[in-house]
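Coordinates in review
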Amino acid sequence: MEAFLVSLGVVAVAEIGDKTQLLALLLAARFRAPLPVIAGIFVATILNHAGAGFVGVLLADWLTGEILAWILAVSFLAMGVWALIPDAPPGDDEVKPRYGPFAATAIAFFLVEMGDKTQIATVALAAHYQSLVFVAFGTTLGMMAANVPAVLLGEVAARHVPLRLARAATAVIFIVLGLVAAAGAWGYAS
């Protein structure tokens, strides 16, 4: 039970202000369908964190902290640039998007969570407690505790905040986080 409770608490706190929480806000505003977005977050997180428990220890031995820090910095900066690119307005003859809110969220969350601090925390917790099920369940519920409110607030904000403003604010946040992460990665090299 300790593995579950510690995992839940560590990840819930670590997720506050994390890039996946920002992604939850962005997806909620984009799709305006909170239940499929929440379900996508859940599925992606349980798959990602279960995988982290199985192979994370091997990855931690293989990749240095410096490489992980640079990957994080580049991903933040890329997300910041991507957030600045507006979606093309849909045409009358346009078909429905290939992926709906559930699949788009599951795919995006799974990929963005790769190498994230909560995934790394999951690896460390699974190695420490040697309890994959309790750790994966705890870290997943920690992610949900931090991201479900973000999705629900994102739905409300989408009705009142212009998308252009939300996009610009998201881009600024990701770029600042990218620069901070790059400074941290630079510290590894020194």
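Description of the structure in this document. (Residues numbered from 1 in each chain as written. Predicted model: local features only at pLDDT ≥ 70, side-chain atom pairs only at ≥ 80, totals over all residues. Heavy atoms only, no water.)

1. Some words on the environment of Ile38
With respect to the secondary-structure elements, Ile38 resides in helix H3 (residues 34-62). The class of Ile38 is buried, set by a relative accessible area of 16%. Taking the C-alpha atoms as reference, Ile38 lies 9.8 Å from Ala150; in sequence the two are 112 residues apart. Filtering out sequence-adjacent residues up to four positions away, Ile38 remains in contact with Met144, Val148, Val151 and Leu152. (Helix = DSSP H or I, 4+ residues; strand = E, 2+ residues; numbered from the N terminus. Buried < 20%, exposed > 50% of the residue type's maximum accessible area, 1.4 Å probe, protein only. Contact = heavy atoms within 4.5 Å.)

2. Points about the nonpolar core
Considering soluble globular proteins, one finds that nonpolar side chains tend to be buried as a cluster. Formed by 16 residues in total, the largest nonpolar core has its most connected members in Leu23, Ala24, Leu27, Val37, Ile41, Phe109 and Val151. Excluding anything up to four places from it in sequence, Val37 contacts Leu27, Phe31, Pro101, Thr105 and Val151. (Core = buried A, V, L, I, M, F, W, Y, C linked by side-chain atoms within 4.5 Å.)

3. Here's the deal with the environment of Ala106
Positionally, Ala106 belongs in helix H5 (residues 101-113). Classification of Ala106 as buried rests on a relative accessible area of 14%. Expressed as a C-alpha distance, the spacing of Ala106 and Ala44, which sit 62 residues apart in the sequence, is 4.8 Å.

4. Some remarks on helix H1 (residues 2-15)
Its 14 residues give H1 an end-to-end C-alpha distance of 20 Å, which sits within 8% of 20 Å, the value for a rise of 1.5 Å per residue. Those residues of H1 that fall on the buried side of the exposure criterion are Ala3, Phe4, Ser7, Val11, Ala12, Ala14 and Glu15. One side of H1 carries all its buried residues, which in axial view fall inside an arc of 165°. Away from its buried face, by an angle of more than 90 degrees, H1 presents the exposed residues Glu2, Leu5 and Val13. (Expected span 1.5 Å × (residues − 1). Arc of directions from axis to C-beta.)

5. Here's the deal with unusual backbone geometry
The phi dihedral of Arg32 is positive, around 50°, even though this residue is not glycine. With respect to the element layout, Arg32 can be found in the loop between helix H2 (19-31) and H3. Given the relative accessible area of 48%, Arg32 is considered partly exposed.

6. Topic: the environment of Val176
On the secondary structure map, Val176 appears in helix H8 (residues 163-189). Val176 sits 96 residues away from Gly80 along the chain, and the two C-alpha atoms are 8.6 Å apart.

7. Some words on the side chain of Thr118
Take Thr118: it is sitting in helix H6 (residues 117-129). The exposure class assigned to Thr118 is buried, which follows from its relative accessible area of 0%. The residues contacting Thr118, other than those within four sequence positions of it, are Val11, Ala14, Glu15, His49, Glu113 and Met143.

8. What to know about the packing of H2 against H5
Where H2 contacts H5, the axes come no closer than 11 Å and their chain directions differ by 165°. The angle between H2 and H5 places the two elements in the roughly antiparallel class. When you trace H2 past H5, the crossing you get is right-handed. Residues Lys19, Thr20, Leu23, Ala24, Leu27 and Phe31 of H2 form the contact with H5, whose participating residues are Pro101, Ala104, Thr105, Ala108, Phe109, Val112 and Glu113. The residue inventory of the contact of H2 with H5, partitioned by class, reads nine nonpolar, two polar and two charged. (Axes fitted to C-alpha atoms, helices over the stretch in contact; angles between N-to-C directions. Parallel < 35°, antiparallel > 145°, perpendicular 65-115°, else oblique. Left-handed = near helix turned anticlockwise from the far one by under 90°. Nonpolar A, V, L, I, M, F, W, Y, C, P; charged D, E, K, R; others polar.)

9. Observations regarding the packing of aromatic side chains
Counted under the stated rule, the structure contains one aromatic pair. Between Phe4 and Phe137 the ring centres are 5.4 Å apart and the planes differ by 20°, which places this aromatic pair in the stacked class. Linking Phe4 in helix H1 with Phe137 in helix H7 (residues 132-160), this pair joins segments that are 133 residues apart in sequence. Looking at Arg30, its charged tip hangs above the ring of Phe31, at a distance of 5.0 Å from the centre. (Phe/Tyr/Trp six-rings, centres within 6.5 Å; stacked < 30°, edge-to-face > 60°. Lys NZ or Arg CZ within 6 Å of the ring centre and 35° of its normal.)

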